[in-house]
Amino acid sequence: MPDCQICHSKKTIDGDESPVISAIMFGLGIFGNIAALVILEIRRRRDSKANDRRHRGLFHIFVISLVFTDLAGTCLITPIVQTAYAWNMTLIGMAKNSNSTSSACQYFGVSMTFFSLATMSLLFITALDRCFAIGHPYLYNRLVTKKWAYITIPVMFLMCTLFCLLPFVGFGIHVQYCPGTWCFIDMDPLEVADRVYANLYATIMLVLVLSIVACNGFVVYQLFRMYRRRNKQGSAMKSMRTSNERRMFVAHEVEHLIPLVFMTIIFIVCTMPLVVR
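Residues numbered from 1 in each chain as written. Predicted model: local features only at pLDDT ≥ 70, side-chain atom pairs only at ≥ 80, totals over all residues. Heavy atoms only, no water.

Colleague: Talk me through the environment of Ala35; I want residue IDs and the actual numbers.
Modeller: Looking at where Ala35 falls in the secondary structure, it is placed in helix α2 (residues 20-47). As a C-alpha pair, Ala35 and Val67 span 32 residues in sequence and 10.0 Å in three-dimensional space. (Helix = DSSP H or I, 4+ residues; strand = E, 2+ residues; numbered from the N terminus.)

Colleague: Break down the nonpolar core for me, citing the residues and quoting the values.
Modeller: Among the nonpolar cores identified, the biggest contains 52 residues, and Leu91, Phe108, Met120 and Tyr201 are the most heavily contacted of them. When contributions to this core are tallied by element, the ones reaching two or more residues are α3 (53-87), α4 (103-135), α6 (146-164), β1 (174-177), β2 (182-185) and α7 (192-231). Residue contributions to this core peak at 16 residues, all from α4. The next biggest cluster of nonpolar side chains, apart from the first, holds 7 residues, and it includes Ile30, Leu40, Val67 and Leu71. (Core = buried A, V, L, I, M, F, W, Y, C linked by side-chain atoms within 4.5 Å. Buried < 20%, exposed > 50% of the residue type's maximum accessible area, 1.4 Å probe, protein only.)

Colleague: Which residues make up the confidence of the model for the protein chain, and what values do they have?
Modeller: Considering every residue of the protein chain, the mean pLDDT works out to 76; 71% of them sit at 70 or more. Across the protein chain, the secondary-structure element scoring lowest on mean pLDDT is helix α8 (residues 240-276), at 58, and the one scoring highest is α6, at 89. Taken as a whole, residues 234-246 scores under 50 in pLDDT and shows 4 contacts with residues more than four places along the chain or in a different chain. (pLDDT = per-residue confidence, 0-100. Contact = heavy atoms within 4.5 Å.)

See below:
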């Protein structure tokens with residue numbers, strides 16, 4: 001039997017497997033997200049007196065939604081891994097009888113799919129917001145409000161939920177992977193519908209990744225153009241107020257761009273191996 005098939009059906013965890021790495025990742029995930037929430041709150045209070053408070057608040061809504069989503073994913077998924085190690089049972093082994101499908105494996109697969117899609121979608125929305133703000137500032141100031149975020153985020157969560165529930169109607173399947181502590185979409189299914197579902201997931205993730213990179217690249221390009229334009233202003237008659245406002249705007253956008261770039265790199269590193277597979 002192929003190794004992957006053995007992983008799909010094994011009931012116990014090998015004795016040489018250690019929960020240390022999973023526990024460390026869990027601790028770092030909790031600490032990182034809580035630290036991010038604290039920093040965001042400090043930043044929100046610092047910016048509360050700014051004139052463009054409405055649009056800074058819009059970016060804050062997207063980022064804090066992203067952090068809460070990632071934190072929720074960490075808290076709802078990782079404890080199952082630790083439980084499997086503690087009981088020395090795989091997710092399939094947690095089923096009441098050998099003929100039943102493990103609800104733990106189904107839950108883990110759905111959760112993994114949902115939170116990977118949701119976090120990447122939120123990162124895309126955040127990057128698109130910055131791209132629109134710096135590329136078309138006039139339209140952005142006229143059209144974009146906090147209501148846009150309050151509508152977009154729930155719709156995005158609903159679409160991710162519907163996609164993740166498709167395996168329950170026969171379109172896609174979740175299987176267990178070694179060492180038996182996690183389940184995910186079957187990346188090499190036999191049925192055509194299951195293969196289409198796996199490829200559809202990979203395609204969506206790849207499009208989101210490329211779109212995020214493109215949006216961030218566009219923002220970097222626009223900021224570089226603004227920086228060069230400001231440096232080429234040689235006339236002494238230029239308004240110092242205008243120059244200072246432009247400098248503050250560029251610095252403000254760079255502050256937004258830096259966390260976006262770091263989050264993009266982290267999520268790409270975490271998701272691309274599955275997407276490529």
